[in-house]
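Below are the chains, spelled out letter by letter.
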Amino acid sequence: MGDRAKQLLFLAATIGVAILAALPLGLSAYGVSTGIVYFANVALATAWALFSGPTRYISLATAAFVGVGMYTVAFAHVSLNLAVCLALAAIVGFLFALVVGLSTLRLRGVYFVIFTFGLTELMRQVSSWYEINITHKLNRFITISIDSIVIYEMLLVLAVVAVVGSWYVSTTRLGHALRAIGEDETVARHTGIDVTWVKVLVFAIAASMMSLVGGVYALRYPSIDPTVGFGNAWSFQVLIAALLGGPRRPWGPAIGAILLVLLSDFLVGAFSRYFTIALGICFLVIVYFIPGGLAPRIEQLFGMLARARRAAGGASGAAAPREPSKDAAKADIETGAKMRAVPHRRSALHPLMRRLTRSGPRLVVRHGAGPPPGAMLSVHGLRKAFGGLVAVRDLSFDIPAGGITGLIGPNGSGKTTVLHLITGELPPDAGSIVLQGDEIIGVRSFEICRARIARTFQLVRVLPGATTRENVMLGRMFGSDPTDPATALTEADALLDRVGLADRAQLIGSQLTYIDQKRVELARALATRPQLLLLDEWLAGLNPTELKIGIDLIRRIQREGITVLMVEHVMEAIRALCGHVVVMNAGMKIAEGTAAEVLSDPKVTQVYLGEDDAAA
Amino acid sequence: MFEVVLNGLVLGGMYGLIALGLNLQYGIARMLNLSYGEFFTAGAFSSFFAITLYHLNPLLGLVVSVPASFAANWVIYRFLLLPLIRRAPNRDALDGDVVLCTFGLLFVFQGFEQVYWGGNVRGYYFLSFPVHFFAASLPANRLLAFAAAMVLGGILILVLRKTRFGRALRAIAIDPIAAGLSGINVLNLLALAFALGGAMVAISGALVSTFIASSASSGIVYTLKALIVIIVGGPGRMAGAIAAGLLLGVAEQVGGYLVDPGLTLAINYAILILVLLIKPTGLFARG
C-alpha cells in the first residue's frame, strides 16, 4: 500500500468513526443497542488478539475478566463516582490478570486453554455461591441509570482505542517481542527478551481492556448475576470473532467481531430452528477454508488490486522498493564495523520499553571497545546430571578473552550441555561460571544475552514465520544494546550482508535452506552485540567451499574483538581457528591446550578413534 | 461420613468411566475433542429410546450406539482432523485448529440432537433399587456404572500394557515420529484409538443415563468433567484417570458435606487449577 492509499484509509477511518459517533442522534433505541453489542465485541476481540494473536496462547478467560469488570462496577457504584468505578474496573482487571499470568503463563497449548476455562467456571461457581449464601440474592442491582447513548459512545471510544492501540503495539518493540515469543520462546529468551514479563504485561493490558468493557457493559443491565458476568459465551464468542477476522492483524478481530454479530443475527432470523447447526458449520468453514482469518485474505485482495492498477498505470506510479541500495548497505557495514568502538549509548526508549530491556540487578553490563585482558569466562567445578546420567562432571576451564576457544569431544560428551549451562537454559547442580568477575549462575537467559553472551543452536532455530530480516532485527532490538525497530532494521541489513544473505532479507525463515538458516542464526547472535559468542556446531554440514567462507567469517568476527567459544566436530576448522582447545569425554575434561597439543594427545585420539586404532 | 465417602467413590467411578474414552482421544491421540460429550448424550439417548419406544433393556441401546459412535469418531479423525494435522506447522497451531473444529462439531451435533430429539431432559428408571452395603445403601444402577468403570479401565490398562496394539499406542503417545520410523502405522492406529474412545464414551453415556437424565445440551458438561479428570490424572494414563476420578468424586462429596453442597463444582475446578499450577503433567503421570 502506498503512502497516499494509507492517508486515504486513515481519513476514511476517521470519518467513519465520526459518523458512528454522531449516529445515535438519529438512531432508534434498537439501533443504539445494536451498536453497543458491536462495539463491545470489537473491543473485546481486539483485546483478546492483542495477546493471544501473536503468542498463540488460546485464552478462554475473557469472561473472567469481563465479569471482574462488571462486578467491580456493581460493587463500587453504590458509593463511588462512575468514572472512578470504571478506572477501578480496569485496575482490578489488570491486577487480577497479573496474578493469573504470573502463575499460569508457563502452561502451554491445551493446558492453558483448559486452565483459563476452568478459572472462569470457578469464578462463576464461587460468585454464585457467594451471592446465594452470603448476600442471599443472586442478582446484584445496578442502581445508576445511564442513557444508552452514553454507553454507546463509551464503547465506541473503547473499540477505537483497542484497535488503534493494538496497531500501535504491533509496530513497537513490545509487538516484535510478542511475535518472537509466539514463534519460538527459546529463541526469544536467548535474544534478550524478558519473556515472562512481556507475556504477563500484555496479558494484563488486554485483560484491563476486557474488564473496562465489562464495566461499561454492566451499566446496560438493571442487575447482573454470575451467569451474565462470568458466562463463558463471552469467551467463546470473542475467540471465534478473533479467529474469524484474523488474530495476527490489528484490525482483523474487529472485522471478525462485526461479521460474527451480523452472522448470528442473520442465522437466528433465517434458521431459528437450525441456528446451532448453522453456527457449527460456520466454525468448520473458518477452520477449513479461511485458516488465519479473513484479514490476510483481504490484504491479499487489496494487494492484487493495487498491482493491477499499477500495471494499468505503468511503472511510474510504483512505490520505490524498500530494499536499501547496495551502497547504503556497504556504508552500513562500515558503520557496523565501527559500532563496536562507540561507547554504549542509551537509546531514546519509552520508559515502559526501558523496563523491558533493563538488565538484571546482578549484572553490570560492560560495553566498551576491545576485549578485556585475562579470561572472558571461567568455568569452575561445573556439574549437571539428568537423573542418573551425569552429563557434565567437575568441569573447569577458562575462555581467554579475545581468542577462539574450541570445545570438542565425541557425541554425547556434554558439550552442548555446557553451552546450555553458560546461557542459563539449564541450571547447573554445582560449580560456578564467572563472566569477567561476575557470577552468572542463576542469571536468566535473557539477562545473560544482555550481558553480551550470544549463542547459536545445534538444531537450528530460526523463527519460521518471520523474515530473515526480522529474525536479525530481533537481536538488535533486544540484545545488549537495545534500539528502536527503525535503527534495528538498517543495522540488520548490514549484518545480513556480512553473512551473505542480503538478497534473502525478505524470505520467510521456513523458506531458507539449512545453511542459510545457520547464517541467519549467526547474524541474529551478532546483532545482540556480544562480547562472547557461543557457536554450537555452526560449521557442521557445510561443503568445502562454504566451510572456507565460514572459517573466514569466524576469524573476522574474532578480529573485531569478539571472543568465541565453538563446539565443533570439523577438525580442519579447529586447527585453523582455535588457539585454545578443551576436549571433553563423558562429561569430563580430558585434555586442554593448543589445537596441535590436544590433537596429538593419545587420550584424545583414543576417545575419538577407539583404543585399537589409537594404539596403532 | 462413611456413606459420604462411599458415595464419593461411586461418583468418582462414574467420572473415571466418562474419562476413559477421552483419555484415548486426548491422552493417546492428542486430539482435544470438544464434541466428545455429544457421543455421551448419543449413548444416553439410544438407551432412553430403547426403553421408552421399544420397551427393551436400555443397555441394548449400546448395540446401536457403540458401533455408530465408533464409526463416527473414526470418520472425524480420518477426514476432519487428519487434514488439520497435515496442515499444521506446529503443535500450537494444531491445537487451535482442533479446538475450533471440534467446537464446530459440538454445535452441529448438539443442533441435530435438539432438532430431532428435542430439548427436553430425558430420564428413565432402570435398576434403581437400593443395594445395602454395610451401614450404607447405594442404588444398583450407580454400582453398575462403578463396576463398569473398574472393568473397562482394567481391560484398557491390560490392552495398553500387554498387547502389540497397546504397546504401539503407547509408543505413539510418547513419540509419533519415532513410532512411525519403527514400522508402526501411526495414522491407522491413532484413528482406531480415537474411534475406540468414541465407543467408550457411548458406553459410559448409556450406563450413566440409568441414573442421570440427559438433554441435548448436556454433552459439554461431560466433556469438561472428563477433561478435568484426565488433566488431574495425567493424560494417557488409564489408571491415573480412574484414580483421579475417584479423588474428584470423594473430594466433591466430602467437600460438599463439610463445607457446602453448593460448592461441589467449585471444588472440582479448584482441584484442576491447583494441579495445573503445581504438577501440570498430572498427579499420576510418570516422572
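Keep in mind it's a predicted model, so treat the numbers as computed, not measured.

Draft legend 1. Representation of the overall build of chain B within the structure. On a plain count of helices and strands, chain B comes out with 11 helices and 2 strands. Along the chain direction, N to C, the helices and strands of chain B fall in the order α-α-α-α-β-β-α-α-α-α-α-α-α. Dimensions of chain B, computed from C-alpha atoms along their principal axes, come out at roughly 55 × 45 × 35 Å. When burial is assessed residue by residue, chain B has 54% of its 287 residues classed as buried. Partitioning the contacts of chain B with sequence separation of at least 6, the portion at a separation of at least 24 is 76%.

Draft legend 2. Inspection of the interface of chain B and chain A at higher detail. Facing 36 residues of chain B, the contacting portion of chain A comprises 33 residues. Among the elements that take part in the side of chain B that touches chain A, helix α4 (residues 91–117) of chain B stands out by supplying 20 residues, more than any other. Its residues placed into classes, the side of chain B that touches chain A shows 25 nonpolar, 6 polar and 5 charged.

Draft legend 3. Main features of the sheet that holds strand β6 (residues 430–435) of chain A. Residues and elements named next belong to chain A. In spatial order, the strands read β4-β3-β6-β7; together these 4 strands make up an open sheet with antiparallel pairing. Strand pairing shows two members of the sheet lacking a second neighbour, β4 (389–400) and β7 (438–439), which therefore form its edges. Where β6 and β7 come together, 2 bridges link them in antiparallel fashion. Looking across to β7, one finds that Val 434 is bridged to Glu 439. The sheet contacts of helix α17 (residues 415–422) involve β3 (375–386), β4 and β6, and relative to β4 the element is tilted by about 70°.

Draft legend 4. Quick peek at the domain arrangement of chain A. Residues and elements named next belong to chain A. Its domain assignment divides chain A into domain 1 (30–296), domain 2 (374–452 + 530–616) and domain 3 (462–529). Computed over C-alpha atoms only, the centres of domain 1 and domain 3 are separated by 34 Å. The partner domain 3 presents 14 residues to the 11 residues of domain 1 that form the contact. Residues of the side of domain 1 that touches domain 3, tallied by class, amount to 4 nonpolar, 3 polar and 4 charged.

Draft legend 5. Representation of helix α7 (residues 173–183) of chain A in the model. Across the 11 residues of α7(A), 10 count as buried, placing the element largely inside the fold. Residues of α7(A) that are buried: A:Arg173, A:Leu174, A:His176, A:Ala177, A:Leu178, A:Arg179, A:Ala180, A:Ile181, A:Gly182 and A:Glu183.

Draft legend 6. Layout of the packing of helix α11 (residues 233–245) of chain A against helix α12 (residues 252–270) of chain A. Residues and elements named next belong to chain A. Contact pair α11 / α12: the axes reach a minimum separation of 6 Å and the direction vectors enclose 115°. α12 is crossed by α11, and the crossing has right-handed handedness. Counting all contacts with α11, which are made through Gln 237, Ile 240, Ala 241, Ala 242, Leu 244 and Gly 245, the residues of α12 involved are Gly 252, Pro 253, Ala 254, Ile 255, Gly 256, Ala 257, Leu 259 and Leu 260. Tallied by class, residues from the contact of α11 with α12 come to 10 nonpolar, 4 polar and no charged.

Draft legend 7. Structural context of the sheet that holds strand β5 (residues 404–408) of chain A. All names here are of chain A. A sheet is described by the order of its strands in space; here 6 strands give the open sequence β8-β9-β10-β5-β11-β12, paired in mixed fashion. The sheet terminates laterally at β8 (453–455) and β12 (588–593), the two strands that pair on one side only. Strand-to-strand twist across the sheet, computed as the mean angle between neighbouring axes with direction ignored, equals 20°. Direction of pairing for β8 relative to strand β9 (residues 532–536): parallel, over a ladder of 3 bridges. Across the sheet, Arg 455 pairs through a bridge with Leu 534, a residue of β9. Those strands touched by α17 are β5, β8, β9, β10 (563–567) and β11 (580–585), and its axis lies near 145° from that of β9. In the packing of helix α22 (residues 544–559) onto the sheet, contacts are made with β5, β9 and β10, and the angle to β10 comes to roughly 150°.

Draft legend 8. Local environment of the pairing of strand β2 (residues 136–139) of chain B. Direction of pairing for strand β1 (residues 130–133) of chain B relative to β2(B): antiparallel, over a ladder of 4 bridges. Residue pairing in the sheet places B:Pro130 in a bridge with B:Pro139 of β2(B).

Thresholds, definitions, all that
Residues numbered from 1 in each chain as written. Chains lettered and ligands numbered in written order. Predicted model: local features only at pLDDT ≥ 70, side-chain atom pairs only at ≥ 80, totals over all residues. Helix = DSSP H or I, 4+ residues; strand = E, 2+ residues; numbered from the N terminus. Buried ≥ 20, exposed ≤ 12 C-beta atoms within 10 Å, placed from the backbone. Contact = placed C-beta atoms within 7 Å. Nonpolar A, V, L, I, M, F, W, Y, C, P; charged D, E, K, R; others polar. Pairing = 2+ DSSP bridges. Axes fitted to C-alpha atoms, helices over the stretch in contact; angles between N-to-C directions. Domains from an automatic or database assignment. Left-handed = near helix turned anticlockwise from the far one by under 90°.

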